[in-house]
Amino acid sequence: MAETRVGVVGAGIVGLAIARGLALARPGLKVTVLDKEDRVAAHQTSHNSGVAHAGLYYAPGSLKATLCRRGIGLLKEFCTDRNLPYVECGKLVVARDAAELGALEEIERRATANGVPGLRRLTGGALTEIEPHATGVAALHSPTTAIVDFPAVARAFARDVADAGGEVRLGFEVVRIGRAGDRVTAASPHEELTFDRLVICAGLHSDRVARLAGDSPAPAIIPFRGEYYRLVPSRTDLVRGLIYPVPDPRYPFLGVHFTRRVDGGVDIGPNAVLALAREGYRRRDVRPADLWDTIRWPGFRRLARRHWRTGARELYGSAVKRAFVAEARSFVPELTTADVAPAPAGVRAQAVDPDGSLVDDFRIGHLGPITTIRNAPSPAATSSLAIAELIAFSPPSGLAALHRR
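Read on for a plain summary of the structure.

So, how was this worked out
Within each chain, residue numbers correspond to sequence positions counted from 1 in written order. Selection of residues for local features in this predicted model requires a pLDDT of at least 70, selection of side-chain atom pairs for listing and counting requires 80 or more, and totals for whole chains, interfaces and linings are taken over all residues. Note that water and hydrogens are dropped before the side-chain values are worked out from all heavy atoms of the structure. Numbering goes from the N terminus for both helices and strands, where a helix is a DSSP run of H or I of at least four residues and a strand is a run of E of at least two. In this analysis, two residues are considered to be in contact whenever any of their non-hydrogen atoms come within 4.5 Å of each other. Throughout, nonpolar core names a set of buried Ala, Val, Leu, Ile, Met, Phe, Trp, Tyr and Cys residues whose side chains join them through atoms within 4.5 Å. When accessible area is computed with a 1.4 Å probe and restricted to protein chains, residues below 20% of their type maximum are described as buried, those above 50% as exposed, and intermediate ones as partly exposed. Salt bridges are defined as contacts in which a side-chain nitrogen from Lys or Arg sits within 4 Å of a carboxyl oxygen from Asp or Glu. For two strands to count as paired, DSSP must find a minimum of two bridges between them. Axes here mean lines fitted to C-alpha atoms, for a helix over just the part in contact, with angles spanning 0 to 180 degrees between N-to-C directions.

## Observations regarding the environment of histidine 205
Okay, step 1: For histidine 205, the location among the structural elements is in the loop between β13 (197-200) and α6 (206-212).
Okay, step 2: Expressed as a C-alpha distance, the spacing of histidine 205 and threonine 310, which sit 105 residues apart in the sequence, is 25 Å.
Okay, step 3: Beyond its immediate sequence surroundings of up to four residues, histidine 205 is in contact with Lys36, Arg278 and Glu279.

## Brief notes about the nonpolar core
Okay, step 1: Counting residues in hydrophobic clusters, the biggest one holds 66 residues, and the most contacted among them are Ile18, Leu56, Val93, Val153 and Ile387.
Okay, step 2: Ala134, Val239, Ile243 and Leu335 belong to the second-largest nonpolar core, a separate cluster that totals 24 residues.

## Remarks on the pattern of salt bridges
Side-chain pairs of opposite charge can arise where the charged atoms are in close proximity.
Okay, step 1: Per the counting criterion, the structure on display carries 32 salt bridges.
Okay, step 2: Glutamate 327 is the partner of arginine 96 in a salt bridge, and the nearest nitrogen-oxygen pair spans 3.2 Å. Placement of arginine 96 in the loop between β5 (91-95) and α3 (101-113) and of glutamate 327 in helix α9 (residues 321-329) is noted, with a sequence separation of 231 residues between them.
Okay, step 3: Judged by relative accessible area, which is 27%, arginine 96 ranks as partly exposed.
Okay, step 4: Between glutamate 227 and arginine 225 there is a salt bridge, with its nearest N and O atoms 3.1 Å apart.

## Observations concerning the pairing of strand β19 (residues 340-352)
Okay, step 1: Here β19 lies mainly inside the structure; 10 of its 13 residues are buried.
Okay, step 2: Inspection of the sheet shows strand β14 (residues 220-231) paired to β19 by 11 bridges, in the antiparallel sense. Directly across from glycine 226, in β19, lies its bridge partner glycine 346.

## Section: the sheet that holds strand β2 (residues 30-35)
Okay, step 1: With respect to topology, 6 strands assemble into an open sheet ordered β9-β2-β1-β13-β21-β20, the strand pairing being mixed. One side of each edge strand has no neighbouring strand; the edge strands of this open sheet are β9 (167-170) and β20 (363-367). Taken pair by pair, the neighbouring strands of this sheet meet at an average axis angle of 15°, ignoring direction.
Okay, step 2: As judged from the 5 bridges shared by β20 and strand β21 (residues 370-375), these two strands associate in the antiparallel manner. Within β21, the residue paired with leucine 367 across the bridge is isoleucine 370.

Encoded structure:
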């Protein structure tokens, strides 16, 4: 019988988790991961906050809620087995004033419905037992929220793929995808490969690669740069774990928060400003083709008209350090501008529908033998092993059939 081949476009943590899941589930299946970069986990996986989310915010029954709760258990087990950092430092979601109490109650309701363990509602005085330097009128404490080294996890996934007989092809930029009967071809400028199934999880370029496969233009990826500051080493004692705001329900962005890292540092951020390139990690990074794609997408223009005031406020915080710090100081009043230094930024691949709606839940589609992941923002890294289960074993992707051959 001919060898069955599956291609995965994208060597971020989600693509590698899917490739690993397929390779381990069916020995003899030939899995090949394709990525244009010279290393795995080059973009969103290596530029996020490193938080393993417990599932507080997500609508009960959504893919995010279901896969996050399943995924964090699998991730903890994987990290423990591989001796990778996994620190349950806990998260404190803080209501700064009475106006935020209703939204905090909604988070508690969702988290309870999602089965998040160990939740505690705290008064303003009690929250200082968890975070002595924080302030607020109330808080929700999630003790099982953790911090992880996601790039190290992704590298471990890649090793598992190779050990199972698969391959990670770096420097392979997919510029063309074709269909020939039941087969799929993926081509770089120099080489063409043929597969029985193809999975597309190309992160910041997921919409473009999906369109190469014949998928619809929507949703389009709009890149938002998230900028961070970092507490100077002498002030990391201001934060023990994670201090988060009550998020604005109109946006999938959480707002500026404090995040302890596995190396002991503490990051503050991110904000959310429009990036002028899909991989625009610096303010000076501008790619005209990417910017034109953003501007001409009708969903972006509708989004900008609807939320320009919020965008202007984020730009001000980006340009003026004291404004950024003032927002963070509303949670930790002792913070000063001298306590922080710039830290590396990330870029969020935010999917936007034509009507200007920010796509919140994971969005996964199927085109015959091709599976497309069109939206996989946070908590995708936390959920990666659960996403791999879903893609590998659930119809109608066609991948589930591989396990019955």
